[in-house]
Amino acid sequence: MKLIKKYLIKFIKDELYKTGLKKAVCGLSGGIDSAVVAVLAKEALGDNFKGILLPSQHSSDSSITDAIALAKKFDIQTETISIAPLLDAYPIDNNLRKGNFSARMRMAILYDKAQELNGMVIGTSNKSELLLGYGTIFGDLASAFNPIGDLYKSEIFEFAKFLGVNEEIISKPPSADLWEGQSDEADLGYTYAQIDEVLAKYVDERWTKEELIEIYEQNLVEMIIKRIYQNQFKRKMPPIAKLKSRTITHDFLYERDIKL
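Source: prediction; values computed, not measured.

Enquirer: What exactly am I supposed to notice about the overall build of the protein chain here?
Expert: Counting its secondary structure elements, the protein chain contains twelve helices and four strands. For 260 residues, the compact-globule estimate of 2.2 N^0.38 gives 18 Å, and the C-alpha radius of gyration of the protein chain, at 19 Å, lies within 12% of that figure. Projected onto its principal axes, the C-alpha coordinates of the protein chain cover approximately 50 × 50 × 45 Å. Put simply, the protein chain has 260 residues, and 47% of those count as buried. A separation of at least 24 residues holds for 73% of the contacts in the protein chain among residues at least 6 apart in sequence. Split by element, the accessible area of the protein chain, about 14300 Å² in all, is 54% carbon and sulfur. Counting 34 positive and 37 negative side-chain charges, the protein chain places the centres of these two groups 7 Å from one another.

Enquirer: Please clarify how the nonpolar core should be interpreted in this entry.
Expert: In this structure, I12, V36, L70, I122 and V165 are the most contacted members of the largest nonpolar core, which totals 39 residues. For this core, the secondary structure elements donating two or more residues are α1 (2-17), β1 (23-27), α2 (32-45), β2 (49-53), α3 (61-74), α7 (153-163) and α8 (167-171). The element that contributes the greatest number of residues to this core is α2, accounting for ten residues. Residues contacting I122, with those up to four places away along its chain left out, are I12, A24, V25, C26, V37, A41, F49, S143, F145 and P147.

Enquirer: How should the pattern of salt bridges be read in this particular structure?
Expert: For side chains bearing opposite charge, pairing can occur when the charged atoms are close. Summed over the entire model, instances satisfying the criterion amount to 13 salt bridges. Residues D66 and K172 are paired through a salt bridge, measuring 2.9 Å at the closest nitrogen-oxygen approach. One end of the pair, D66, is in helix α3; the other, K172, is in the loop between α8 and α9 (184-188), with 106 residues separating them in the sequence. Note on D66: relative accessible area 10%, which makes it buried.

Enquirer: Before we go on, may I ask you to explain the packing of α2 against α7 in this structure?
Expert: Helix-helix packing: each pair is described by the crossing angle between the helix axes and the interaxial distance. Contact geometry for α2 and α7: axes closest at 10 Å, N-to-C directions at 45°. Judged on the interaxial angle alone, α7 and α2 are oblique. Here α2 runs over α7; the crossing is left-handed. For the pair α2 and α7, contact is made by I32, D33, V36, V39 and L40 and by K153, I156, F157, F159, A160 and L163, respectively. A class-by-class count of the residues in the contact of α2 with α7 yields nine nonpolar, no polar and two charged.

Enquirer: Explain unusual backbone geometry here, please?
Expert: When glycine is set aside, most residues are seen to have a negative phi, and most peptide bonds are trans. Backbone geometry places D75, a non-glycine residue, at a positive phi of 55°. With respect to the helices, strands and loops of the structure, D75 is situated in the loop between α3 and β3 (77-80). Look at R206: it is not a glycine, yet its phi comes out positive at around 60°. Here R206 lies in the loop between α10 (192-204) and α11 (209-213).

Enquirer: Sorry if this is basic, but what is going on with α2 here?
Expert: For an α-helix the count is 3.6 residues per turn, leaving residues at separations of three or four pointing the same way. The end-to-end C-alpha distance of α2, which contains 14 residues, comes to 20 Å, matching closely the 20 Å that a straight helix rising 1.5 Å per residue would cover. The buried fraction of α2 is high, at 13 of 14 residues. Positioned one or two residues after α2, G46 has a phi angle of 60°, which is positive.

Enquirer: What is the right way to read the sheet that holds β2 from this model?
Expert: Hydrogen bonds between backbone groups are what pair the strands of a sheet, and the pairing can be parallel or antiparallel. With respect to topology, four strands assemble into an open sheet ordered β3-β2-β1-β4, the strand pairing being parallel. Bordering the open sheet on either side are β3 and β4 (119-121), each of which pairs with just one other strand. On average, adjacent strands in this sheet sit at an angle of 25° to one another, irrespective of strand direction. When β1 meets β4, the two strands line up parallel, connected through three bridges. What sits directly across from V25, in β4, is V121. Packed onto the sheet, α2 meets β1 and β2 and runs at close to 165° relative to β1.

Rules used in this analysis
- Residues numbered from 1 in each chain as written.
- Predicted model: local features only at pLDDT ≥ 70, side-chain atom pairs only at ≥ 80, totals over all residues.
- Heavy atoms only, no water.
- Helix = DSSP H or I, 4+ residues; strand = E, 2+ residues; numbered from the N terminus.
- Rg over C-alpha atoms; globule rule 2.2 N^0.38 Å.
- Buried < 20%, exposed > 50% of the residue type's maximum accessible area, 1.4 Å probe, protein only.
- Contact = heavy atoms within 4.5 Å.
- Areas by Shrake-Rupley, 256 points an atom, 1.4 Å probe, with all protein chains shown as cover.
- Lys, Arg positive; Asp, Glu negative; His and termini not counted.
- Charge placed at Lys NZ, Arg CZ, Asp CG, Glu CD.
- Core = buried A, V, L, I, M, F, W, Y, C linked by side-chain atoms within 4.5 Å.
- Salt bridge = Lys/Arg side-chain N within 4 Å of Asp/Glu carboxyl O.
- Axes fitted to C-alpha atoms, helices over the stretch in contact; angles between N-to-C directions.
- Parallel < 35°, antiparallel > 145°, perpendicular 65-115°, else oblique.
- Left-handed = near helix turned anticlockwise from the far one by under 90°.
- Nonpolar A, V, L, I, M, F, W, Y, C, P; charged D, E, K, R; others polar.
- Expected span 1.5 Å × (residues − 1).
- Pairing = 2+ DSSP bridges.

Okay, structure coming up:
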């Protein structure tokens, strides 16, 4: 854990500073993923990091109080901006659409705050969410760089304890808090512990579907594999139709931080 912490702090510094920028923001939701990122970013960047609280009229009280308590414990600068007026201006009566819209409005504000500070947005999506596509494209899945995208959700819980994240955040059920009573594990149908065990074997250890079904519930295995493939588009830049000799994402493949 100590080595992971050291590496991720260096990762945050490297990814930010090589752009010539010095400041960064992330959304501070009161959840465990953003808490871990915020603690790392604070240690990496000091007062050049700010956590942005973006509650709506649907946010639970604990999401706000837990985020504020974390910021107080780790001396993190914060700013609170309600997205309630944006949801009132564009009312939606479907929970999924409302959740996606809320996530995109929050990310739009985060990118604007980053520009205001002449900084970057740090991502807070874990490996489980990225593989399952459990997030909103151009919403909470967006970022300039992501320090926790190779840590499964169950590993985030362990890492949060090591970092000293507030127990209230660690112990509450995972939720994107997009509408009242929303629960990640209820949406997925399985606990993260169950999901991550299969994900790790399928992705990292390259088990086959047939090998997994011999040990794990077939519905769980099929759900995970289906979601990985269905949501690949969320993990890639938009495809570009190739018409020229060198086409972006095909054979014009410079690194994002290429220098002259």
